[in-house]
Amino acid sequence: MTDLVVPQRLRTGDRVAVVAPSGRVQAERLEIGVERLKAWGLEVEVMPAVLAGHERFSYLAADDKARAEDLRAAWLDERFAAVFCARGGYGVQRMLEYVDFDELAAVPKWFIGFSDISALHEPLNARGLVTVHGPMAAAVEQLGVPEGRERLRALLFEPESVTDLLAPVGARTVVDGVAEGRLRGGNLALLASSLGTPTYAAPAGVVVLEDVNEEAYRVDRLLTQLLRSGWFDKVTGVVVGDFSEAADPIDDVVHERLEPLGVPIVEGAAIGHEALNLAVPLGLPVRLDATAGTLTPLW
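Quick notes on the rules
Residues numbered from 1 in each chain as written. Predicted model: local features only at pLDDT ≥ 70, side-chain atom pairs only at ≥ 80, totals over all residues. Heavy atoms only, no water. 1 Å grid on protein atoms, 1.4 Å probe; cavity = no way out; pocket = protein on both sides within 12 Å on 5 of 7 lines; lining within 4 Å. Points joined across faces, edges and corners; volume = space filled by probe spheres on them. Helix = DSSP H or I, 4+ residues; strand = E, 2+ residues; numbered from the N terminus. Nonpolar A, V, L, I, M, F, W, Y, C, P; charged D, E, K, R; others polar. Pairing = 2+ DSSP bridges. Axes fitted to C-alpha atoms, helices over the stretch in contact; angles between N-to-C directions. Buried < 20%, exposed > 50% of the residue type's maximum accessible area, 1.4 Å probe, protein only. Lys, Arg positive; Asp, Glu negative; His and termini not counted. Salt bridge = Lys/Arg side-chain N within 4 Å of Asp/Glu carboxyl O. Contact = heavy atoms within 4.5 Å. Patch = residues over 30% accessible without salt bridge, like charges linked within 9 Å, V, L, I, M, F, W, Y side chains within 5 Å. Areas by Shrake-Rupley, 256 points an atom, 1.4 Å probe, with all protein chains shown as cover.

In this section: empty space enclosed by the protein. What the rule picks out here adds up to one cavity of 30 Å³ or more. Its boundaries defined by the atoms lining it, the largest cavity holds a volume of some 40 Å³. As for the largest cavity, its lining consists of Glu122, Asn125, Arg184, Gly185, Leu191, Ala201, Pro203 and Trp231. Counting residues per element, the ones that place at least two in the lining of the largest cavity are α5 (118–126) and β8 (184–187). Counted by class, the lining of the largest cavity contains four nonpolar, two polar and two charged residues.

Take a look at the structure:
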(Lines give C-alpha, C1' and ligand atoms only; values in the text may rest on other atoms or scores of the structure.)
Protein backbone atom coordinates (compact mmCIF):
# COMPACT_ATOMS: atom_id res chain seq x y z
CA MET A 1 0.00 0.00 0.00
CA THR A 2 1.18 3.52 -0.78
CA ASP A 3 2.87 5.28 2.14
CA LEU A 4 0.59 7.63 4.08
CA VAL A 5 1.40 11.35 3.89
CA VAL A 6 -0.35 13.75 6.29
CA PRO A 7 0.39 17.46 5.66
CA GLN A 8 1.64 19.62 8.51
CA ARG A 9 -1.09 21.30 10.53
CA LEU A 10 -1.88 24.93 9.84
CA ARG A 11 -0.84 27.69 12.22
CA THR A 12 -1.89 31.29 12.72
CA GLY A 13 -0.13 33.44 10.17
CA ASP A 14 0.07 30.74 7.48
CA ARG A 15 -0.60 31.83 3.92
CA VAL A 16 -3.09 29.81 1.86
CA ALA A 17 -4.12 29.96 -1.79
CA VAL A 18 -7.60 29.83 -3.34
CA VAL A 19 -8.01 28.14 -6.73
CA ALA A 20 -11.01 27.44 -8.95
CA PRO A 21 -10.48 24.10 -10.74
CA SER A 22 -14.09 23.84 -11.82
CA GLY A 23 -17.17 26.05 -12.03
CA ARG A 24 -17.57 29.79 -12.28
CA VAL A 25 -17.09 31.69 -9.03
CA GLN A 26 -19.16 34.63 -7.80
CA ALA A 27 -16.86 37.35 -6.48
CA GLU A 28 -19.28 38.41 -3.74
CA ARG A 29 -19.51 34.92 -2.27
CA LEU A 30 -15.76 34.42 -2.47
CA GLU A 31 -15.14 37.69 -0.64
CA ILE A 32 -17.31 36.57 2.28
CA GLY A 33 -15.61 33.17 2.41
CA VAL A 34 -12.13 34.67 2.31
CA GLU A 35 -13.01 36.80 5.33
CA ARG A 36 -14.03 33.62 7.18
CA LEU A 37 -10.61 32.13 6.50
CA LYS A 38 -8.84 35.32 7.52
CA ALA A 39 -10.72 35.18 10.84
CA TRP A 40 -8.69 32.02 11.59
CA GLY A 41 -5.52 34.07 11.34
CA LEU A 42 -4.70 32.94 7.81
CA GLU A 43 -3.36 35.11 5.03
CA VAL A 44 -5.35 34.38 1.89
CA GLU A 45 -4.32 34.86 -1.74
CA VAL A 46 -6.76 34.34 -4.60
CA MET A 47 -5.04 32.94 -7.70
CA PRO A 48 -5.33 34.82 -11.04
CA ALA A 49 -7.75 32.51 -12.91
CA VAL A 50 -10.32 32.21 -10.10
CA LEU A 51 -12.44 35.11 -11.35
CA ALA A 52 -11.17 35.22 -14.95
CA GLY A 53 -14.16 33.55 -16.59
CA HIS A 54 -14.21 31.48 -19.79
CA GLU A 55 -14.71 33.25 -23.11
CA ARG A 56 -17.09 30.57 -24.48
CA PHE A 57 -18.59 28.67 -21.55
CA SER A 58 -20.08 30.68 -18.70
CA TYR A 59 -20.21 27.63 -16.41
CA LEU A 60 -16.39 27.38 -16.21
CA ALA A 61 -14.21 29.50 -13.93
CA ALA A 62 -11.59 29.96 -16.66
CA ASP A 63 -9.81 28.17 -19.52
CA ASP A 64 -8.83 24.58 -18.68
CA LYS A 65 -5.09 25.20 -18.88
CA ALA A 66 -5.38 28.39 -16.81
CA ARG A 67 -7.24 26.56 -14.05
CA ALA A 68 -4.66 23.78 -14.07
CA GLU A 69 -1.79 26.26 -14.01
CA ASP A 70 -3.34 28.07 -11.04
CA LEU A 71 -3.51 24.78 -9.16
CA ARG A 72 0.10 23.90 -9.99
CA ALA A 73 1.43 27.36 -9.19
CA ALA A 74 -0.35 27.50 -5.84
CA TRP A 75 0.67 23.97 -4.90
CA LEU A 76 4.34 24.31 -5.75
CA ASP A 77 4.70 27.77 -4.18
CA GLU A 78 6.39 27.21 -0.82
CA ARG A 79 4.68 30.30 0.57
CA PHE A 80 1.34 28.45 0.68
CA ALA A 81 0.61 25.93 3.42
CA ALA A 82 -2.75 24.92 1.95
CA VAL A 83 -4.80 25.13 -1.24
CA PHE A 84 -8.53 25.83 -0.90
CA CYS A 85 -10.91 25.34 -3.80
CA ALA A 86 -13.32 28.24 -4.28
CA ARG A 87 -16.25 26.01 -5.30
CA GLY A 88 -17.20 22.84 -7.16
CA GLY A 89 -19.54 22.76 -10.13
CA TYR A 90 -18.79 21.05 -13.44
CA GLY A 91 -15.36 21.41 -14.99
CA VAL A 92 -12.63 19.62 -13.04
CA GLN A 93 -12.45 16.66 -15.40
CA ARG A 94 -11.67 18.93 -18.35
CA MET A 95 -8.37 20.01 -16.81
CA LEU A 96 -7.11 16.72 -15.33
CA GLU A 97 -4.92 16.00 -18.36
CA TYR A 98 -2.93 19.14 -17.56
CA VAL A 99 -2.18 18.12 -13.95
CA ASP A 100 0.91 16.12 -12.92
CA PHE A 101 -0.32 14.39 -9.77
CA ASP A 102 3.05 12.85 -8.99
CA GLU A 103 4.49 16.35 -8.94
CA LEU A 104 1.80 17.64 -6.58
CA ALA A 105 1.84 14.66 -4.22
CA ALA A 106 5.60 15.10 -3.76
CA VAL A 107 4.91 18.46 -2.07
CA PRO A 108 2.49 17.66 0.80
CA LYS A 109 0.07 20.40 1.75
CA TRP A 110 -3.58 20.54 2.71
CA PHE A 111 -6.05 20.51 -0.17
CA ILE A 112 -9.69 21.35 0.59
CA GLY A 113 -12.84 20.91 -1.49
CA PHE A 114 -15.72 18.55 -2.29
CA SER A 115 -18.38 17.72 -4.89
CA ASP A 116 -16.71 17.81 -8.35
CA ILE A 117 -13.39 18.31 -6.54
CA SER A 118 -13.60 14.56 -5.86
CA ALA A 119 -11.93 14.19 -9.27
CA LEU A 120 -8.80 15.74 -7.74
CA HIS A 121 -9.02 13.99 -4.36
CA GLU A 122 -9.09 10.57 -6.04
CA PRO A 123 -5.62 10.61 -7.66
CA LEU A 124 -4.05 12.49 -4.74
CA ASN A 125 -5.38 9.98 -2.19
CA ALA A 126 -4.18 7.14 -4.42
CA ARG A 127 -0.67 8.55 -4.02
CA GLY A 128 -0.98 8.46 -0.22
CA LEU A 129 -1.74 12.14 0.38
CA VAL A 130 -4.44 12.95 2.95
CA THR A 131 -6.81 15.67 1.72
CA VAL A 132 -9.92 17.32 3.15
CA HIS A 133 -13.44 16.76 1.80
CA GLY A 134 -15.20 19.81 3.19
CA PRO A 135 -16.54 23.36 2.77
CA MET A 136 -14.87 25.51 0.13
CA ALA A 137 -13.82 29.15 0.16
CA ALA A 138 -16.96 30.47 -1.56
CA ALA A 139 -19.34 28.12 0.29
CA VAL A 140 -20.97 30.97 2.18
CA GLU A 141 -23.83 28.94 3.66
CA GLN A 142 -21.61 26.10 4.84
CA LEU A 143 -18.94 28.35 6.33
CA GLY A 144 -21.76 30.19 8.07
CA VAL A 145 -22.73 27.11 10.12
CA PRO A 146 -20.63 27.11 13.33
CA GLU A 147 -20.38 23.30 13.63
CA GLY A 148 -19.22 22.86 10.05
CA ARG A 149 -16.84 25.81 10.13
CA GLU A 150 -15.28 24.61 13.39
CA ARG A 151 -14.85 21.05 12.10
CA LEU A 152 -12.91 22.32 9.09
CA ARG A 153 -10.74 24.56 11.26
CA ALA A 154 -10.08 21.75 13.74
CA LEU A 155 -9.02 19.28 11.05
CA LEU A 156 -6.54 21.79 9.69
CA PHE A 157 -5.22 23.34 12.91
CA GLU A 158 -5.64 20.70 15.64
CA PRO A 159 -6.58 17.37 14.06
CA GLU A 160 -6.10 15.36 17.26
CA SER A 161 -9.15 17.18 18.70
CA VAL A 162 -11.44 15.47 16.16
CA THR A 163 -12.35 12.07 17.60
CA ASP A 164 -15.60 11.26 15.75
CA LEU A 165 -15.99 12.42 12.18
CA LEU A 166 -19.78 11.90 12.26
CA ALA A 167 -20.41 13.96 15.41
CA PRO A 168 -22.29 16.05 16.42
CA VAL A 169 -25.07 14.80 14.12
CA GLY A 170 -24.21 11.10 14.11
CA ALA A 171 -25.47 8.54 11.60
CA ARG A 172 -28.00 5.71 11.37
CA THR A 173 -27.04 2.06 11.19
CA VAL A 174 -27.90 0.23 7.95
CA VAL A 175 -25.67 -2.83 8.41
CA ASP A 176 -24.06 -3.56 11.80
CA GLY A 177 -20.36 -4.12 12.29
CA VAL A 178 -16.94 -2.51 12.48
CA ALA A 179 -14.65 -1.75 9.55
CA GLU A 180 -11.23 -0.18 9.15
CA GLY A 181 -9.24 1.19 6.24
CA ARG A 182 -8.28 4.40 4.53
CA LEU A 183 -11.23 6.73 3.93
CA ARG A 184 -11.89 7.35 0.25
CA GLY A 185 -14.75 8.43 -1.97
CA GLY A 186 -16.67 11.66 -2.34
CA ASN A 187 -19.16 12.62 -5.01
CA LEU A 188 -20.91 9.56 -6.46
CA ALA A 189 -21.32 10.90 -10.00
CA LEU A 190 -17.69 11.99 -10.25
CA LEU A 191 -16.43 8.65 -8.93
CA ALA A 192 -18.52 6.78 -11.49
CA SER A 193 -17.44 9.04 -14.35
CA SER A 194 -13.78 8.42 -13.43
CA LEU A 195 -14.02 4.73 -14.34
CA GLY A 196 -11.72 3.85 -17.21
CA THR A 197 -9.81 7.13 -17.13
CA PRO A 198 -6.11 7.68 -16.28
CA THR A 199 -6.97 9.14 -12.85
CA TYR A 200 -9.20 6.25 -11.80
CA ALA A 201 -8.12 4.67 -8.50
CA ALA A 202 -10.25 1.97 -6.86
CA PRO A 203 -10.63 2.34 -3.06
CA ALA A 204 -9.54 -0.24 -0.49
CA GLY A 205 -11.11 0.59 2.86
CA VAL A 206 -14.03 2.72 4.05
CA VAL A 207 -15.79 4.95 1.52
CA VAL A 208 -18.02 8.00 1.86
CA LEU A 209 -20.59 8.83 -0.83
CA GLU A 210 -22.60 12.01 -1.41
CA ASP A 211 -24.29 13.83 -4.29
CA VAL A 212 -26.76 16.53 -5.29
CA ASN A 213 -29.56 16.76 -7.89
CA GLU A 214 -29.54 13.03 -8.57
CA GLU A 215 -32.92 11.28 -8.58
CA ALA A 216 -33.34 7.75 -7.23
CA TYR A 217 -33.06 6.05 -10.63
CA ARG A 218 -29.85 7.93 -11.39
CA VAL A 219 -28.36 7.00 -8.02
CA ASP A 220 -29.32 3.41 -8.86
CA ARG A 221 -27.55 3.69 -12.22
CA LEU A 222 -24.39 5.19 -10.70
CA LEU A 223 -24.17 2.62 -7.90
CA THR A 224 -24.82 -0.20 -10.37
CA GLN A 225 -22.03 1.08 -12.61
CA LEU A 226 -19.58 1.09 -9.68
CA LEU A 227 -20.73 -2.35 -8.57
CA ARG A 228 -20.37 -3.86 -12.03
CA SER A 229 -16.91 -2.34 -12.46
CA GLY A 230 -15.58 -3.90 -9.25
CA TRP A 231 -15.17 -0.52 -7.55
CA PHE A 232 -16.59 -1.93 -4.29
CA ASP A 233 -14.54 -5.16 -4.32
CA LYS A 234 -12.08 -4.02 -1.63
CA VAL A 235 -14.43 -1.69 0.25
CA THR A 236 -14.68 -2.58 3.95
CA GLY A 237 -17.40 -0.13 5.01
CA VAL A 238 -19.67 2.59 3.62
CA VAL A 239 -20.68 6.01 4.96
CA VAL A 240 -23.68 7.46 3.09
CA GLY A 241 -23.74 11.24 3.29
CA ASP A 242 -26.32 13.71 2.00
CA PHE A 243 -28.04 13.20 -1.34
CA SER A 244 -29.48 16.68 -1.63
CA GLU A 245 -32.28 18.11 -3.77
CA ALA A 246 -33.67 14.77 -4.91
CA ALA A 247 -37.43 14.65 -5.49
CA ASP A 248 -37.69 11.11 -4.13
CA PRO A 249 -35.85 9.52 -1.17
CA ILE A 250 -32.83 7.49 -2.23
CA ASP A 251 -32.63 5.36 0.93
CA ASP A 252 -34.33 2.29 -0.57
CA VAL A 253 -32.08 2.36 -3.62
CA VAL A 254 -28.92 2.63 -1.54
CA HIS A 255 -30.04 -0.20 0.75
CA GLU A 256 -31.00 -2.50 -2.11
CA ARG A 257 -27.79 -1.88 -4.02
CA LEU A 258 -25.27 -1.85 -1.14
CA GLU A 259 -26.58 -4.12 1.63
CA PRO A 260 -25.61 -7.26 -0.36
CA LEU A 261 -21.97 -6.20 -0.01
CA GLY A 262 -22.23 -7.42 3.58
CA VAL A 263 -19.99 -4.64 4.93
CA PRO A 264 -20.84 -2.21 7.77
CA ILE A 265 -22.92 0.70 6.45
CA VAL A 266 -24.27 3.90 8.01
CA GLU A 267 -26.45 6.59 6.45
CA GLY A 268 -27.48 10.12 7.33
CA ALA A 269 -23.95 11.48 7.75
CA ALA A 270 -23.84 15.29 7.49
CA ILE A 271 -21.38 15.21 4.60
CA GLY A 272 -22.23 16.83 1.30
CA HIS A 273 -24.23 19.74 -0.10
CA GLU A 274 -26.41 20.66 2.89
CA ALA A 275 -25.65 23.72 5.02
CA LEU A 276 -23.92 21.51 7.59
CA ASN A 277 -21.08 19.81 5.75
CA LEU A 278 -18.74 18.07 8.19
CA ALA A 279 -15.20 18.00 6.81
CA VAL A 280 -13.51 14.59 6.73
CA PRO A 281 -9.89 13.60 5.94
CA LEU A 282 -9.86 11.52 2.76
CA GLY A 283 -6.98 9.07 2.53
CA LEU A 284 -6.60 8.75 6.31
CA PRO A 285 -7.07 5.40 8.09
CA VAL A 286 -10.40 5.35 9.97
CA ARG A 287 -12.52 2.96 12.03
CA LEU A 288 -16.21 2.82 11.17
CA ASP A 289 -18.41 1.42 13.93
CA ALA A 290 -21.70 1.13 12.09
CA THR A 291 -23.45 -0.25 15.17
CA ALA A 292 -22.56 2.82 17.25
CA GLY A 293 -22.74 5.22 14.28
CA THR A 294 -19.20 6.55 14.73
CA LEU A 295 -16.26 7.17 12.41
CA THR A 296 -12.94 7.50 14.22
CA PRO A 297 -9.86 8.98 12.53
CA LEU A 298 -6.72 6.93 13.18
CA TRP A 299 -4.08 9.64 13.15
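The discussion continues.
What follows covers the sheet that holds strand β10 (residues 235–244). Strand order in the open sheet formed by five strands is β6-β11-β10-β9-β8, and the pairing between neighbours is mixed. The sheet is open, and its two edges are formed by β6 (172–175) and β8, each paired on a single side. Neighbouring strand axes in the sheet, compared pairwise and without regard to direction, differ in orientation by 15° on average. Inspection of the sheet shows β8 paired to strand β9 (residues 205–212) by four bridges, in the parallel sense. Bridge pairing in β9 places glycine 185 opposite valine 208.

Turning to the side chain of aspartate 70, a few remarks are in order. Following the sequence through the fold, aspartate 70 ends up in helix α2 (residues 64–76). Of the buried charged residues, aspartate 70 lacks a salt bridge, with arginine 67 as the closest side chain of opposite charge at 8.7 Å. Beyond its immediate sequence surroundings of up to four residues, aspartate 70 is in contact with Val19, Met47, Pro48, Ala49 and Val50.

Let's shift gears to the pairing of β10. Burial runs high along β10: nine of the 10 residues are buried. Taken together, the seven bridges between β9 and β10 define a ladder with parallel strand orientation. Note on β10: the bridge partner recorded for aspartate 211 is phenylalanine 243.

This next bit is on the layout of surface pockets. For the largest pocket, the calculated volume is near 360 Å³. Looking at the largest pocket, it is lined by 17 residues, and the ones nearest its centre are Arg29, Arg87, Gly88, Met136 and Ala139. Ranked by residue count, the leading element in the lining of the largest pocket is helix α6 (residues 140–143), at three residues. Tallied by class, residues from the lining of the largest pocket come to seven nonpolar, six polar and four charged. Taken as a whole, the second largest pocket spans an internal volume of roughly 180 Å³. What lines the second largest pocket is Met1, Thr2, Asn125, Ala126, Gly128, Arg182, Arg184, Ala201, Ala202, Pro203, Ala204 and Gly283.

Moving on to the pattern of salt bridges. One pass over the structure, following the stated rule, counts 17 salt bridges. We note a salt bridge from aspartate 77 to arginine 79, for which the minimum N-O separation is 2.8 Å. In this structure arginine 79 comes out as partly exposed when scored by relative accessible area, which is 45%.

Nonpolar side chains collect at one region of the surface, where Leu4, Val6 and Trp299 lie side by side and expose about 240 Å² of accessible area between them. Among the structural elements, valine 6 can be located in the segment before β1 (15–19).

Spatial ordering of the open sheet is given by β7-β13-β14, a layout of three strands whose pairing is antiparallel. The open sheet terminates on both sides in strands that have one partner only, identified here as β7 (178–182) and β14 (294–297). Going across the sheet, the axis of each strand differs from the next one's by a mean of 20°, ignoring polarity.

So far we have only geometry, and geometry alone does not tell us how the molecule works.
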